[in-house]
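Next come the chains, spelled out residue by residue.
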Amino acid sequence: MLEARKAPDAAKAAAEFVAQAGRDVAFQLEACVHCGQCAEACHFHLVTREPHHTPVYKLRPMLKAYRRSRAPFAGIQRLLGLAPREPGAAELTAWSELLYDSCNLCGRCTLVCPMGIDIAGLVRRAREGMAAAGFAPEDLYKASGHALDTGSPIGVRWPALRRQIELQEKETGLRIPVDVEGADYLVILSSIEVIAFPEVIGALARIFRQADVSWTIPSAGFEATNIGVQIGSRDIAAALLERVVDAAERLKVKYVISPECGHAYSALRWEGPNLLGRPLPFKVVQITELLDQLVREGRLRLRGKDARRLAFHDPCQLVRRGGLTEEPGRLMDAVSENTVRTPAQGAANFCCGGGGGVSAIHRAERLRFAAFELKKRQVEQAGAEALVTACANCRNVLEEAIDERGMTLPVLGLTELVAQYLEPEAAKS
Ligand code: SF4
Ligand code: SF4
């Protein structure tokens, strides 16, 4: 288990790159025709115009290790001295910035690659080698340690969540169910929601009260985020996932609700069964999916709409990578009478700049603020008066960047926005 930063070991990284280079990876690494389209898709490359920010270039150490050890005729090439040299410690230290700070695993490059190369997926796999060999950013090792010790990458434990639940109970006048065995839905939360946006807990209580949803929050295993997926450690990812699975099995729920957190959804729904080594013993439903379903079934009754020009920021892991392309738009239409579209909205949206663990990497701050310039231009072009999103990490990152640019643009959570327009009499106890 990767628990703390190891002394950097380039040979170990190369060995892990080669181990990751199964048939599918080898096929993808060999398929690049150097067309450069991925460069024009990546927000980091678009703002810096630095050649090293070209997405496929970020995979170079992995490609070198593969060509040296596993590619066809690698043995002969090594004998003839024609094989590339293994990536050394200095090269990997330099590539840490490329594989972590300047990649959100957002998949915009994957979307445009004419050869179907999943560059974001390959970066995710290259990170396995980097993390195992001590080349991941220190901040991510620290966050991984916190997550393994406390369950949360920022050290949020149950007493902190319990206090927020109690405050939301006072605020809403509703009882918030904790550890209710046999509930239908298990609500897990990201630490950012607990600390920065606890109102979402009250919003869920009001929504589920009106829709008559049977739900509960677990006192153990409540953390939705999975730092293992971000640093690139299957072992950590699996250990953290097992805590959620334990909570779901202990409380015998049918569904686990993935909250407003993009990568939590990927980690649970798409990587979950592979990490666990068996099918998940529950269905995963993203909160946006569930809210959309409840509105369409008539179980949520809404009244009134927000009159501001609202633009939706599509979280990459929910929309482009997660396939929730329709649900946020329908919910926006249900609560907003003036939704505006930013250029390239939906599956082609630009990342907030903080996904894939980047928001936790202090040294990456300047670069992610620079990348926000593209989003800023889009928001201004659309004339948006507020942004709405369905990921607490996006929300936090956007708020920071907006503040850094001296803008005044509120960023709202979609769940809270929906709760705001519930029929008032139905929302009361
Ligand atoms: S996944 Fe996103 S951030 Fe990473 S290289 Fe591709 S476009 Fe750039
Ligand atoms: S878009 Fe695909 S084929 Fe073109 S340079 Fe990037 S990885 Fe290679």
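Residues numbered from 1 in each chain as written. Chains lettered and ligands numbered in written order. Predicted model: local features only at pLDDT ≥ 70, side-chain atom pairs only at ≥ 80, totals over all residues.

Chemist: Even after reading the chapter, I still don't get the overall build of the protein, so can you show me in this structure?
Modeler: Counting its regular elements, the protein contains 23 helices and eight strands. Its C-alpha atoms give the protein a radius of gyration of 22 Å, near enough to 22 Å, the size a compact globule of 429 residues would have. Viewed in the frame of its principal axes, the protein has a C-alpha envelope of about 80 × 50 × 35 Å. Of all 429 residues assigned to the protein, the portion counted as buried reaches 50%. By sequence separation, contacts in the protein at least 24 residues apart represent 83% of the contacts at least 6 residues apart. (Helix = DSSP H or I, 4+ residues; strand = E, 2+ residues; numbered from the N terminus. Rg over C-alpha atoms; globule rule 2.2 N^0.38 Å. Buried ≥ 20, exposed ≤ 12 C-beta atoms within 10 Å, placed from the backbone. Contact = placed C-beta atoms within 7 Å.)

Chemist: I'm lost on the packing of helix H11 (residues 158-172) against helix H13 (residues 199-211) in this one. Help?
Modeler: A pair of packed helices is captured by two measures, namely the crossing angle of their axes and the spacing between those axes. At a minimum axis separation of 9 Å, H11 and H13 run at an interaxial angle of 50 degrees. In terms of orientation, H11 lies oblique with respect to H13. Crossing of H11 against H13: the hand is right-handed. Every residue of H13 that contacts H11 at Gln 164, Ile 165, Gln 168, Glu 171 and Thr 172 is listed here: Ile 201, Gly 202, Ala 205 and Arg 206. Its residues placed into classes, the contact of H11 with H13 shows three nonpolar, four polar and two charged. (Axes fitted to C-alpha atoms, helices over the stretch in contact; angles between N-to-C directions. Parallel < 35°, antiparallel > 145°, perpendicular 65-115°, else oblique. Left-handed = near helix turned anticlockwise from the far one by under 90°. Nonpolar A, V, L, I, M, F, W, Y, C, P; charged D, E, K, R; others polar.)

Chemist: Honestly, the site of ligand 1 in this entry has me stumped. Any pointers?
Modeler: In the vicinity of ligand 1 there are 14 residues, among which Cys 42, Pro 55, Cys 103, Cys 106 and Cys 109 approach most closely. Those elements giving two or more residues to the shell around ligand 1 turn out to be helix H8 (108-112) and helix H9 (119-132). No other element matches H9, which puts three residues into the shell around ligand 1. Class assignment of the residues belonging to the shell around ligand 1 gives a composition of 11 nonpolar, two polar and one charged. (Near = placed C-beta within 6 Å.)

Chemist: Is there a simple way to think about unusual backbone geometry in this case?
Modeler: A negative phi angle is the norm for most residues apart from glycine, just as the trans form is the norm for most peptide bonds. Positioned with a positive phi, His 34 is a non-glycine residue whose angle comes to about 60 degrees. Within the secondary structure layout, His 34 lies in the loop between helix H2 (23-31) and helix H3 (37-41). The exposure class assigned to His 34 is exposed, which follows from the 7 C-beta atoms found within 10 Å. The residue Asp 179 is not glycine, and still its phi comes out positive at about 55 degrees. The topology assignment puts Asp 179 in the loop between H11 and strand S1 (185-187).

Chemist: Got a minute to help me understand the pairing of strand S5 (residues 310-313) in this structure?
Modeler: In the case of a regular strand, side chains alternate between the two sheet surfaces. The two faces of S5 match: Leu 310 and Phe 312 on one face and Ala 311 and His 313 on the other face are all buried. Sheet analysis places S5 next to strand S6 (residues 339-340), joined by two bridges and oriented parallel. Looking across to S6, one finds that Ala 311 is bridged to Val 340. Between S5 and its parallel partner S6, the chain crosses via helix H19 (residues 327-335), and the hand of that crossover is right-handed. With four bridges connecting them, S5 and strand S7 (residues 386-389) associate as parallel partners. Within the sheet, the bridge partner assigned to Leu 310 lies in S7 and is Ala 386. (Pairing = 2+ DSSP bridges. Right-handed = clockwise from strand over helix to strand, strands pointing away.)

Chemist: So what exactly am I meant to see when it comes to the domain arrangement of the protein here?
Modeler: Interfaces are often described in size by the accessible area the parts lose on coming together. Segmenting the protein into domains produces domain 1 (10-136), domain 2 (141-295) and domain 3 (302-427). Relative placement of domain 1 and domain 3: their C-alpha centres are 31 Å apart. Listed by partner, the interface residues are 15 residues for domain 1 and 20 residues for domain 3. Every element with two or more residues in the side of domain 1 that touches domain 3 is listed here: helix H4 (43-48), helix H7 (89-101) and H8. Among the elements that line the side of domain 1 that touches domain 3, the one with the most residues is H4, at five residues. Counted by class, the side of domain 1 that touches domain 3 contains eight nonpolar, five polar and two charged residues. (Domains from an automatic or database assignment.)

Chemist: Looking at this model, I keep getting lost on the sheet that holds S7. Mind explaining?
Modeler: Within a sheet, each strand pairs with its neighbour through backbone hydrogen bonds, oriented either parallel or antiparallel. Pairing in this open sheet of four strands is parallel, and the strands run S6-S5-S7-S8 from one edge to the other. Each edge of the sheet is formed by a strand with only one pairing partner; in this case those strands are S6 and strand S8 (411-413). Sitting on the sheet, helix H21 (residues 392-404) is in contact with S5, S7 and S8, with an inclination near 170 degrees to S8.

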